[in-house]
Amino acid sequence: MVSIENHSQFIPSVYAIVIKGHWGNLLVKLKNSFALTSTTIHRILLYLSLYGCGPTHSLAFFKWVESVPNYKHSLQCSWAMIQILAKHKHFKTAHHMLDKIAHRDFLSSPSVLSSLVKEYDDPEVNSQVLS
């Protein structure tokens, strides 16, 4: 585990690795620093979307994490990626990803859908995703 003072530097250091494309270093960093959890992945995705150039790095990271053994994206991570894609008008990719998770995660359930929409309170993006 990483000490508390290093925690604030963890996500920016993962960001730097992703931007440079050093995927081999990334697995070592994730395994040595924190458990590979959906919460950690979700935070990294949001950081990449805030400070990266469009969704390119977020999507590359999202796809790379899918290849890590014993890791499966949570609904929260998948929804975050869909929101990032829709915000940057990558509708085809967002739609494909939405179709992929729709049945698996009971996305049609009103309570699940409502909580996801509330978590990402961007009416314009939500309207694009939900249409």
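Heads up: the structure comes first, above all this text.
Residues numbered from 1 in each chain as written. Predicted model: local features only at pLDDT ≥ 70, side-chain atom pairs only at ≥ 80, totals over all residues. Heavy atoms only, no water.

**Remarks on the side chain of His73**
Piece 1. Within the secondary structure, His73 is located in the loop between helix 4 (56-66) and helix 5 (75-87).
Piece 2. Using a relative accessible area of 8% as the deciding quantity, one classes His73 as buried.
Piece 3. A distance of 2.9 Å separates a polar atom in the side chain of His73 from the backbone oxygen of Phe62. (Helix = DSSP H or I, 4+ residues; strand = E, 2+ residues; numbered from the N terminus. Buried < 20%, exposed > 50% of the residue type's maximum accessible area, 1.4 Å probe, protein only. Polar contact = N/O pair within 3.5 Å; in protein donor to acceptor, adjacent residues only side chain to side chain.)

**A word on helix 3 (residues 38-51)**
Piece 1. An ideal rise of 1.5 Å per residue puts 20 Å on 14 residues; helix 3 measures up with 20 Å between its terminal C-alpha atoms.
Piece 2. Every buried residue of helix 3 is listed here: Thr40, Ile41, His42, Ile44, Leu45, Leu48 and Ser49. (Expected span 1.5 Å × (residues − 1).)

**Considering the packing of helix 5 against helix 6 (residues 91-102)**
Piece 1. Axis separation between helix 5 and helix 6 bottoms out at 8 Å; the angle between their running directions is 160°. It follows that helix 5 is roughly antiparallel to helix 6 by the angle criterion. The interaxial crossing formed by helix 5 with helix 6 has left-handed handedness. Across from Leu75, Ser78, Trp79, Met81, Ile82, Leu85 and Ala86 in helix 5, the residues of helix 6 making contact are Phe91, Thr93, Ala94, Met97, Leu98 and Ile101.
Piece 2. Of the residues in the contact of helix 5 with helix 6, the class split is 11 nonpolar, two polar and no charged. (Axes fitted to C-alpha atoms, helices over the stretch in contact; angles between N-to-C directions. Parallel < 35°, antiparallel > 145°, perpendicular 65-115°, else oblique. Left-handed = near helix turned anticlockwise from the far one by under 90°. Contact = heavy atoms within 4.5 Å. Nonpolar A, V, L, I, M, F, W, Y, C, P; charged D, E, K, R; others polar.)

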